[in-house]
Amino acid sequence: MLTITAVIRAKRGYEATMRQALLDVVEHVRANEPSTVGYYVSQNASDPCVFATYERYLDQAAMDRHNNSPAVAKFFDVAKPILDGDVILVSANEIASVGRVIG
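Within an unreviewed UniProt entry, the label attached to the protein reads Quinol monooxygenase YgiN, and the organism entered is Bradyrhizobium erythrophlei.

Draft legend 1. Quick look at the sheet that holds strand β4 (residues 88-93). Ordered by their spatial adjacency, 4 strands build an open sheet running β2-β3-β1-β4, and the pairing between neighbours is antiparallel. Only two strands of the sheet have a single partner each, and these edge strands are β2 (36-43) and β4. Strand-to-strand twist across the sheet, computed as the mean angle between neighbouring axes with direction ignored, equals 10°. Relative to strand β3 (residues 50-57), strand β1 (residues 2-9) is paired through 8 bridges, and the arrangement is antiparallel. Looking across to β3, one finds that Arg9 is bridged to Val50. The sheet contacts of helix α1 (residues 15-32) involve β1, β2 and β3, and relative to β2 the element is tilted by about 165°. Each of β1, β2 and β3 touches helix α2 (residues 60-67); the most contacted strand, β1, lies at about 30° to it.

Draft legend 2. Geometry of the UniProt feature "domain: ABM" (unreviewed entry) in the protein. Sites flagged by UniProt as "domain: ABM" (unreviewed entry) map to residues 2-91. For residues 2-91, the end-to-end C-alpha separation is 7 Å, with 40% helix and 31% strand making up the annotated structure.

How each quantity is defined
Residues numbered from 1 in each chain as written. Predicted model: local features only at pLDDT ≥ 70, side-chain atom pairs only at ≥ 80, totals over all residues. Heavy atoms only, no water. Pairing = 2+ DSSP bridges. Helix = DSSP H or I, 4+ residues; strand = E, 2+ residues; numbered from the N terminus. Axes fitted to C-alpha atoms, helices over the stretch in contact; angles between N-to-C directions. Contact = heavy atoms within 4.5 Å. UniProt positions renumbered as here; feature names shortened; annotations may be inferred.

So, in structure tokens, the structure goes:
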């Protein structure tokens, strides 16, 4: 399993725009990416300008399809002008996981 963790900071005042751009990617993943095993988006509780994604891919081909998708390109078109600093990316090989369905 391949993973990407991204930490994204929006300029103050653009939190809602960044949130919606990330939610649009989630909708694309849900509808079009069966090989994306998990795609999680969080917004920092104490600083709403900070977002994080945790992405799980079946294999490199699934990760490449996601990263080269029109949805990701659209996300960066929206996000680039409102980013406050660089996106921090950690690409990794998952070594263990626990999954639970809550709710």
